[in-house]
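# An overview of the molecular structure
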Amino acid sequence: MHENEILIYAKSWIKEAGERIKKSFQTTLNIETKSNANDLVTNIDKETEQFFITKINQQFPEHRILGEEGNGDELEELGGVVWIIDPIDGTMNFVHQQRNFAISIGIYENGVGKIGLIYDVVHDELYHAVKGKGAHFNDKALPKLNEVSVSEAIIGLNATWVTPNRRIDPLILGTLVRDVRGTRSYGSAAIEIAQVAAGRLDAYITMRLSPWDFAAGLILMEEVGGVSTTLKGEPIQILQQNSIFISKPGLHKSILENYLQGKEW
Ligand code: 2AM
Ligand code: CA
Ligand code: CA
Ligand code: CA
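Residues numbered from 1 in each chain as written. Chains lettered and ligands numbered in written order. Predicted model: local features only at pLDDT ≥ 70, side-chain atom pairs only at ≥ 80, totals over all residues. Heavy atoms only, no water.

The name given to the protein chain in an unreviewed UniProt entry is Inositol monophosphatase family protein, with the source organism recorded as Robertmurraya kyonggiensis. Its UniProt record gives the protein chain the following Cofactor (unreviewed entry) comment, quoted word for word: "Mg(2+)". (UniProt positions renumbered as here; feature names shortened; annotations may be inferred.)

### Examining the coordination of the calcium ion (ligand 2)
The coordination sphere of the calcium ion (ligand 2), as far as protein atoms go, consists of E68 (OE) and E68 (OE), spread over 2.3 to 3.1 Å. A spacing of 5.1 Å is found between the calcium ion (ligand 2) and the calcium ion (ligand 3). Structurally, E68 can be placed in the loop between strand 3 (64-67) and strand 4 (81-89). (Donors = N, O, S within 2.8 Å, 3.2 Å for Na, K, Ca; no water. Helix = DSSP H or I, 4+ residues; strand = E, 2+ residues; numbered from the N terminus.)

### Some points on the coordination of the calcium ion (ligand 4)
Bound to the calcium ion (ligand 4) on the protein side are E68 (OE), D86 (OD), D86 (OD) and I88 (O), at distances that span 2.1 to 3.1 Å. Here the donor residues of the calcium ion (ligand 4) are spaced in sequence according to E-x17-D-x1-I.

### Here we look at the pattern of salt bridges
This model, assessed by the stated rule, comprises 13 salt bridges. When the shortest N-O distance is used, the salt bridge between K15 and D124 registers 3.4 Å. Of this pair, K15 sits in helix 1 (residues 3-23) while D124 sits in the loop between strand 6 (112-120) and strand 7 (125-130), placing them 109 residues apart in sequence. Ionic pairing is found between K34 and E69, a salt bridge with its closest N-O pair at 2.9 Å. (Salt bridge = Lys/Arg side-chain N within 4 Å of Asp/Glu carboxyl O.)

### Some thoughts on the site of ligand 1
Around ligand 1, the structure places S35, D39, E68, D86, I88, D89, G90, T91, G187, S188, A189 and D213. Residue D39 places a side-chain N or O atom 3.3 Å away from a nitrogen atom belonging to ligand 1. At 3.2 Å from an oxygen atom of ligand 1 is found a main-chain nitrogen or oxygen belonging to I88. Here ligand 1 loses 71% of its free accessible area of 470 Å² to cover by the protein chains. Under a 2 Å grid-point criterion requiring more than half of the atoms, the pocket assigned to ligand 1 is the largest pocket. Broken down by element, the shell around ligand 1 gets its largest block of residues, three residues, from strand 4. Here the residues of the shell around ligand 1 are counted per class, giving two nonpolar, five polar and five charged. Two domains each donate at least three residues to the shell around ligand 1, and these are domain 1 (3-141) and domain 2 (150-260). (Near = heavy atom within 4 Å. Polar contact = N/O pair within 3.5 Å; in protein donor to acceptor, adjacent residues only side chain to side chain. Areas by Shrake-Rupley, 256 points an atom, 1.4 Å probe, with all protein chains shown as cover. 1 Å grid on protein atoms, 1.4 Å probe; cavity = no way out; pocket = protein on both sides within 12 Å on 5 of 7 lines; lining within 4 Å. Sits in = over half its atoms within 2 Å of the grid points. Nonpolar A, V, L, I, M, F, W, Y, C, P; charged D, E, K, R; others polar. Domains from an automatic or database assignment.)

### Some points on the layout of surface pockets
If you add up the space inside the largest pocket, you get close to 1400 Å³. Around the largest pocket, the lining comprises 39 residues; the ones closest to its centre are N38, D39, N158, R208 and L209. Looking at the lining of the largest pocket, the elements with two or more residues in it are strand 4, helix 3 (91-97), helix 5 (189-197), strand 12 (203-209) and helix 6 (211-223). Considering each element in turn, the lining of the largest pocket owes the most residues, six residues, to strand 12. By residue class, the composition of the lining of the largest pocket is 12 nonpolar, 15 polar and 12 charged. (Points joined across faces, edges and corners; volume = space filled by probe spheres on them.)

### What about the sheet that holds strand 10 (residues 154-157)?
Strand order in the open sheet formed by five strands is 11-10-12-14-13, with mixed pairing between adjacent strands. Among the strands making up the open sheet, the edge pair consists of strand 11 (182-184) and strand 13 (227-229). With direction set aside, neighbouring strand axes in the sheet form an average angle of 20°. Here strand 10 runs beside strand 11; their pairing, made up of three bridges, is parallel. Paired with I154 across the bridge in strand 11 is G182. In this fold helix 5 packs onto strand 10, strand 11, strand 12 and strand 14 (242-247), with an angle of close to 150° to the strand it touches most, strand 12. (Pairing = 2+ DSSP bridges. Axes fitted to C-alpha atoms, helices over the stretch in contact; angles between N-to-C directions. Contact = heavy atoms within 4.5 Å.)

### Digging into the UniProt feature "binding site: Mg(2+)" (unreviewed entry) in the protein chain
The residues that UniProt annotates with the feature "binding site: Mg(2+)" (unreviewed entry) are E68, D86, I88, D89 and D213. The named residues occupy 146 residues along the chain; their greatest pairwise C-alpha distance, 9.7 Å, places them in one compact cluster. Checking the named residues against the largest pocket, the ones that line it are E68, D86, I88, D89 and D213. With relative accessibility at 23%, the residue E68 sits in the partly exposed group. Every residue in contact with E68, bar those within four places of it in the chain, is listed here: K34, E49, I85, D86, P87, I88 and W212. Within the secondary structure layout, I88 lies in strand 4. I88 has contacts with I21, I44, D45, E68, F94, F101 and A102, leaving out every residue within four places of it along the chain. (Buried < 20%, exposed > 50% of the residue type's maximum accessible area, 1.4 Å probe, protein only.)

Structure below.
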């Protein structure tokens, strides 16, 4: 795989898609709901996904595409080169805030993450990583992640999981919330994972994400020495929905051992 060539195209397409999304702020959005009333999708999510599909099919006809809005290929395995794309991660933020959303692209070869890009469109912040060549923020190399204790950590977490809910006992993460220095919720999984890779958040925990939410972020995390697992501490299955726990290395062990392990997830 020619990483450099693919990266140059991916970067230019992601910036062009970002410009189109910003122009859409002046138009009327067509907003629909998906699995529930808060699960939104717009015409711009779909148009952005189609923009990438057209570009990739033109330039790299042998590559396959898995996109959230379902206009790419039907994938059951990760053979060859596969682009895993979330055209807008944080659609609720896109609709309500016109900021704090990202385009996320993870490029895998035979199941191995090779290139990851997360573009925070409105802040014009591009995170990218190439396997074995490090991670970058706006083309500046990101350092390896350092150690931090639980009491000095800021973690990304959705408040839903510390209120009564169908999935988990709120006290499990409630105890962690009490012990850390602070919590943040950005409403875009890709941005939250990118923030951990950039050392601005120390960990990120969420109950259920899909491949396009984490495909790019996992590649960034690996390049800065971060640890990415499920909440049980098990490997993340790229083509499935997973719970996600990504963190600075030492902190990952402490949170897993002292808060998460042995619980029902
Ligand atoms: P999305 O905006 O691409 O749907 C916060 O909502 C984060 O969780 C976002 O990254 C969002 O991605 C993701 N997410 C995953 N599944 C979701 C769902 N069913 N409803 C809302 N957000 C979801
Ligand atoms: Ca969605
Ligand atoms: Ca998403
Ligand atoms: Ca999306």
